[in-house]
Amino acid sequence: MAMSVVIIPSLEPFPDPTGAVSTFNAAGAIHENTAFFQPLGTNGRTCATCHQADEAFSITPGKIQQLYERSHGQDPLFAVVDGANCPTDNPKDRAAHSLLLERGLIRIGIVLPASPQFQISVVHDPYGCAITTDPVTGRPLVSVYRRPLPTTNLRYLSTIMFDGRETLSPLNNALTFPTNLNTDLTAQAVNAVETHAQGQSPSPEQLAEIVQFEMGLSTAQVRDDLAGRLDAHGAGGGALALSSQAYYPGTNDALGGDPTGAKFNSSAFSLYTPWEQPSANGHRYDGRDDWNDKEKNYTREQIAAGEVLFNTRALTITGVRGLNDNAALGSPASIAGNCTTCHDTPNVGNHSVALPLDIATSRQAGYETNSAIVSALRELSAPDLPIFEIRCPDPANPGATINYYTSDPGKGLVTGLCSDVNRGKGPVLRGLAGRAPYFHNGAAANLTELVNFYNQRFQMNLTSEEKAQLIAFLNSL
């Protein structure tokens, strides 16, 4: 008897900690009989193993723990190739999967380029495989641990993967963007099957099916438990509205790179402008009874106030590699900005140009001298990860080195360049509420830690009320 195919209606809401998230699929209902949901390798994994529709197309520790208990650790997610802290671990040992179970982290093994500009060594190796030798090339194989990026909202990407390693064709020109994005996502699918699923390259038909499916997805928070529907009373929340959001590479670039010549508009988010004063004078926008609900009105006002803060709150950018050391900007020691200086894509929230940054989430407080960085890192509950020492030549002092201490050297592992150490992309912000923990390494267990980090890191001087407003807004995305 043929097995029934799971069908997920487009815009089906899935509960998350503050409401519900949903996905609009341009092709209609999601049928789980396509290549995205099929095991194409040797270990039983599919794309959906780490990118689940009810988890904003990522996966969270709560779901991972349920899978472990239900399968007694036998679910394909826990394959030791990268679902264990080290590939030589005993797969039956629960402790061997601690980073996956506690923070949703997958091990990524990256072979260093042949002649990197830096020297790398390990100063803390809690699992015993931080740096090993790649059996094929004989070069160092570095293990870092990262959250699975969502396989949705991909039409807005300027970089593929956290460190850009799958951006084979640049995503910087509107004319070539569709073709290049297809090329990059196809390569990403091949590498995912060959590494995570331990298989051979899928067929051209399977690859086309995967990429077409991914490109049709738009995911966003659709409901807040207190505010109600996020598209009510003129608001622009939800996946359906997101699916029609315009985009082109460089749009609203904060550094003046918009190809149309348009100036940067710091008000990159405009989803909740209609909610800024919903209860003023007892006004009811469309006569619905819930407009008289004081709790809903209050929460809507909090969300709208958080959006204004995100767009306009002044902050001071210091010590960010990629900005403060950027010669094209004059290497400014300090930059006055706001959240949308980096999250500039309108109503999406990633950076519309490929500019990897080091905001310090991989750094170690005990080795830092920038007080803002030290204070920010202490707001996080970072997992116990390997710590690497990166030694780069000091151009100002021949024979001397500049040393970095980090849990993830970021793009530097891919290019071998000192200028890329610790740098990585910022992800699309839509659907945040459904996919904690945050940052590439899961260092922020929740949005409270995330906001507290940014408040210290960039000297935002937020009050308790303003923090709550920002969190309410981020949860509404």
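So, how was this worked out
- Residues numbered from 1 in each chain as written.
- Predicted model: local features only at pLDDT ≥ 70, side-chain atom pairs only at ≥ 80, totals over all residues.
- Heavy atoms only, no water.
- pLDDT = per-residue confidence, 0-100.
- Contact = heavy atoms within 4.5 Å.
- Axes fitted to C-alpha atoms, helices over the stretch in contact; angles between N-to-C directions.
- Helix = DSSP H or I, 4+ residues; strand = E, 2+ residues; numbered from the N terminus.
- Parallel < 35°, antiparallel > 145°, perpendicular 65-115°, else oblique.
- Left-handed = near helix turned anticlockwise from the far one by under 90°.
- Nonpolar A, V, L, I, M, F, W, Y, C, P; charged D, E, K, R; others polar.
- Buried < 20%, exposed > 50% of the residue type's maximum accessible area, 1.4 Å probe, protein only.
- Pairing = 2+ DSSP bridges.
- Disulfide = S-S within 2.5 Å.

**Regarding the confidence of the model for the protein chain**
Averaged over all residues, the pLDDT of the protein chain is 95; the fraction at 70 or higher stands at 96%. Counting contacts from residues 281–287, a segment whose pLDDT is below 50, to residues more than four positions away or on other chains yields 11 contacts.

**Observations regarding the packing of helix α9 (residues 447–457) against helix α10 (residues 464–475)**
At a minimum axis distance of 10 Å, the contact between α9 and α10 shows a crossing angle of 125 degrees. Considered as vectors, α9 and α10 are oriented oblique to each other. The chirality of how α9 crosses α10 is right-handed. Here L447, T448, L450, V451, N452 and N455 of α9 lie close against α10, whose contacting residues are K467, L470, I471, L474 and N475. Class assignment for the residues of the contact of α9 with α10 results in six nonpolar, four polar and one charged.

**Quick notes on the pairing of strand β13 (residues 387–393)**
Taking burial as the measure, the seven residues of β13 include five buried ones, the bulk of the element. Pairing analysis gives five bridges linking strand β6 (residues 119–124) to β13, with the strands arranged antiparallel. Residue pairing across strands places S121 opposite E389, the latter belonging to β13. Of the pairings in the sheet, the one linking β13 to strand β14 (residues 401–406) comprises six bridges and is antiparallel in character. By the bridge assignment, I390 is partnered in β14 with Y404.

**With respect to the state of the cysteines**
The final tally for this structure, using the stated rule, is two disulfides. With a sulfur-sulfur separation of 1.9 Å, C86 is cross-linked through a disulfide to C129. Sign of the S-S torsion, about -90 degrees for the bond between C86 and C129, identifies this disulfide as left-handed. Of the two residues, C86 sits in the loop between α1 (61–71) and α2 (98–103) while C129 sits in the loop between β6 and β7 (131–133), which places them 43 residues apart along the sequence. The residues C86 and C129 share a single accessibility class, namely buried. Here C392 engages in a disulfide with C418; their sulfurs sit 2.2 Å apart. Between C392 and C418, the disulfide has an S-S torsion of -105 degrees and is therefore left-handed.

**Details of the sheet that holds β13**
As summarised here, the arrangement of the three strands in space is β6-β13-β14, forming an open sheet in which the pairing is antiparallel. In this open sheet, the two edge strands, each paired with only one partner strand, are β6 and β14. Mean inter-strand twist for the sheet, computed between neighbouring axes without regard to direction, equals 25 degrees.

**Remarks on the sheet that holds β7**
The strand order β5-β8-β7 describes an open sheet built from three strands, whose pairing is antiparallel. The two strands at the open ends of the sheet, each matched to only one other strand, are β5 (106–111) and β7. Pairs of neighbouring strands in the sheet enclose a mean axial angle of 35 degrees, with direction left out of account. The pairing of β7 with strand β8 (residues 140–146) spans three bridges and is classified as antiparallel. Opposite T132, over in β8, you have L141 as the bridge partner.

**Considerations on the packing of helix α3 (residues 177–195) against helix α4 (residues 204–215)**
One way to put it is that α3 packs onto α4 with a least axis distance of 9 Å and a crossing angle of 120 degrees. What the angle tells us is that α3 and α4 run oblique. The two elements α3 and α4 cross, and the hand of that crossing is right-handed. Two secondary-structure elements touch here, α3 through L181, N182, L185, T186, A189 and V190 and α4 through L207, I210, V211, E214 and M215. Per-class residue counts for the contact of α3 with α4 are eight nonpolar, two polar and one charged.

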